[in-house]
Amino acid sequence: MSQTTQNTRLIRMEGGYPLEGTVRIQGSKNATLPVMAACLLVSDKCVLRGCPQITDVMYMGTLIKSTGAKVEQTMGVNGMDIVIESTDIQECRLPSRYVSAMRSSVILMGALLGRLGEVYVDYPGGCVIGERPINLHLYGLEKLGAQIWTEGNHIHAYADELIGTEIRFPFSSVGATQNTILAAVTAKGTTVIWNAAKEPEVTALCAFLNQAGADIRIHKDFMESGKIVIHGVELCRLHGVDYCVVPDRIVAGTYLFAALAAGGNITLENIPISHLDSVCEVITGMGGIFSYHADNNSLTLYAPNRSELRNISYIETDIYPGFPTDLQSPLLAAACVANGKLMIKEKIFSSRFKIIEELQRMGADIAVTSEECAIVTGVSTLEGRNVIAKELRGGAALVIAGLAAEGITTVSDICYINRGYQDIAGDFAKLGARISYD
Ligand code: EPU
């Protein structure tokens, strides 16, 4: 989170102007967090380059420090560099205040079980975007031999020894897969995970751990079977690494939908192109034209004129490589000003339509037809309003709507947006938008 965004609560913009220019995509939030957790397994210095400067990364840094590790953040050439040195960690009780503030703190369980054999943590609780149980996390850890007690809101997990085994997830969960991998890396023997999540943030975690000396093999038919084989290594075999975080596919997608909604041509540098197939397919269907430049890994989107922007008829969110749930709201915002109708089905999280009320206040025509389906009928224009962010991706989508709307829009409670976007207003300002923090 930049200094500018830290002390502000509002983003103000005057919409209706096309975007034009180039921005660099920040490092991925959802790849950085598990890799930071993984540093707890390594009794040495790890350098993570290109991390995003956002609240969730700061919270994770605080949680990691609470175990006794040293965490230092410095501004690097491309984003923030974080140095984590976990040589002398001994504390396995994670402070409730930060655990409850950040759901993904639960992935520290696998790392601390692997390193210290014990962890005390609070239930991370529900979330604005829907029920977020952790039964699959606990299932994976128990299968590896952890004993887990829960009392009220508290969880205590203990393992004399973690032992490799076969784990078949009933359905794909990013966090449960990452937690299980973290615990299995130093377990005795071999762990085979079936139906592991295939999101790039899972393979990025495996790449980091392998670079640090782990033995994780992603099966050749991984995209079908979700099979990952982990040969446990001794803790002392893991060593420090210098690692570059992958760019954020969700931030890239957010900016692409913003360009569709506002019009114009934008170029995104540091683009995770291979992670964006389903997103580019939707944008092409809506009339966008792409040009990818392999020499400097950048992607230009030529957005159609508003009169030629059209809705595709149907999209459902899905696990990777399907269309990401985290981009459902940004797509929804762009769909509000495209010709024709789009039916959106949200299959991953149950409460991701909270943003609709705010979009309707801006003049959007959206009908919620069931808990998981909404139909958007494009309107010729949205009107600027004072709207409130209620969660991260919905908040970013309100900024997109504001850029497309006529007149002034303010988005308040931007603390939610700052959890995942390092400098959303600064980036859109670089793209020529009339936008600032207030
Ligand atoms: N689920 C269970 N039991 C579990 C775990 C998950 O029922 O033990 C369910 C969830 O309720 C959900 C589905 O499984 O319906 C998928 O959840 P998953 O575990 O894959 O999600 P996650 O690990 O909690 C990560 C990202 C989310 C992203 C999802 C899906 C991080 C820190 N978070 O969450 O990112 O939406 O995967 O791709 O990696 C965001 O960045 O805004 C965000 C919410």
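Quick look at the structure, then.

Let us look at the overall build of the protein chain. Within the protein chain, the secondary structure is distributed over 16 helices and 23 strands. For 438 residues, the compact-globule estimate of 2.2 N^0.38 gives 22 Å, and the protein chain sits close to it at 22 Å. Dimensions of the protein chain, computed from the C-alpha atoms along their principal axes, are close to 65 × 45 × 40 Å. Taking all 438 residues of the protein chain together, 58% fall into the buried category. Sequence separation of at least 24 residues holds for 75% of the intrachain contacts in the protein chain that already meet a minimum separation of 6. Accessible area of the protein chain: about 16,700 Å², with a carbon and sulfur share of 48%. When the 36 basic and 46 acidic side-chain charges of the protein chain are each reduced to a single mean position, those positions are 1 Å apart.

For the rest of this paragraph, the subject is the site of the ligand. Taken together, 23 residues lie around the ligand, and Asn135, Leu136, Ser173, Asp326 and Ile348 are the ones closest in. At 2.7 Å from a nitrogen atom of the ligand is found a side-chain nitrogen or oxygen belonging to Asn135. Take Asp326: an N or O atom from its side chain is 2.7 Å from an oxygen atom of the ligand. Calculation on the ligand without its partners gives an accessible area of 830 Å², and the protein chains cover 87% of this total. When each cavity is represented as a set of grid points, the ligand is found to reside in the largest pocket. Elements supplying a minimum of two residues to the shell around the ligand: α2 (29-38), α6 (135-143), α7 (174-184) and α14 (392-404). Looking at which element gives the most residues to the shell around the ligand, the answer is α6, with 3 residues. Residues of the shell around the ligand, tallied by class, amount to 9 nonpolar, 7 polar and 7 charged.

Cut-offs used in this document
Residues numbered from 1 in each chain as written. Predicted model: local features only at pLDDT ≥ 70, side-chain atom pairs only at ≥ 80, totals over all residues. Heavy atoms only, no water. Helix = DSSP H or I, 4+ residues; strand = E, 2+ residues; numbered from the N terminus. Rg over C-alpha atoms; globule rule 2.2 N^0.38 Å. Buried < 20%, exposed > 50% of the residue type's maximum accessible area, 1.4 Å probe, protein only. Contact = heavy atoms within 4.5 Å. Areas by Shrake-Rupley, 256 points an atom, 1.4 Å probe, with all protein chains shown as cover. Lys, Arg positive; Asp, Glu negative; His and termini not counted. Charge placed at Lys NZ, Arg CZ, Asp CG, Glu CD. Near = heavy atom within 4 Å. Polar contact = N/O pair within 3.5 Å; in protein donor to acceptor, adjacent residues only side chain to side chain. 1 Å grid on protein atoms, 1.4 Å probe; cavity = no way out; pocket = protein on both sides within 12 Å on 5 of 7 lines; lining within 4 Å. Sits in = over half its atoms within 2 Å of the grid points. Nonpolar A, V, L, I, M, F, W, Y, C, P; charged D, E, K, R; others polar.

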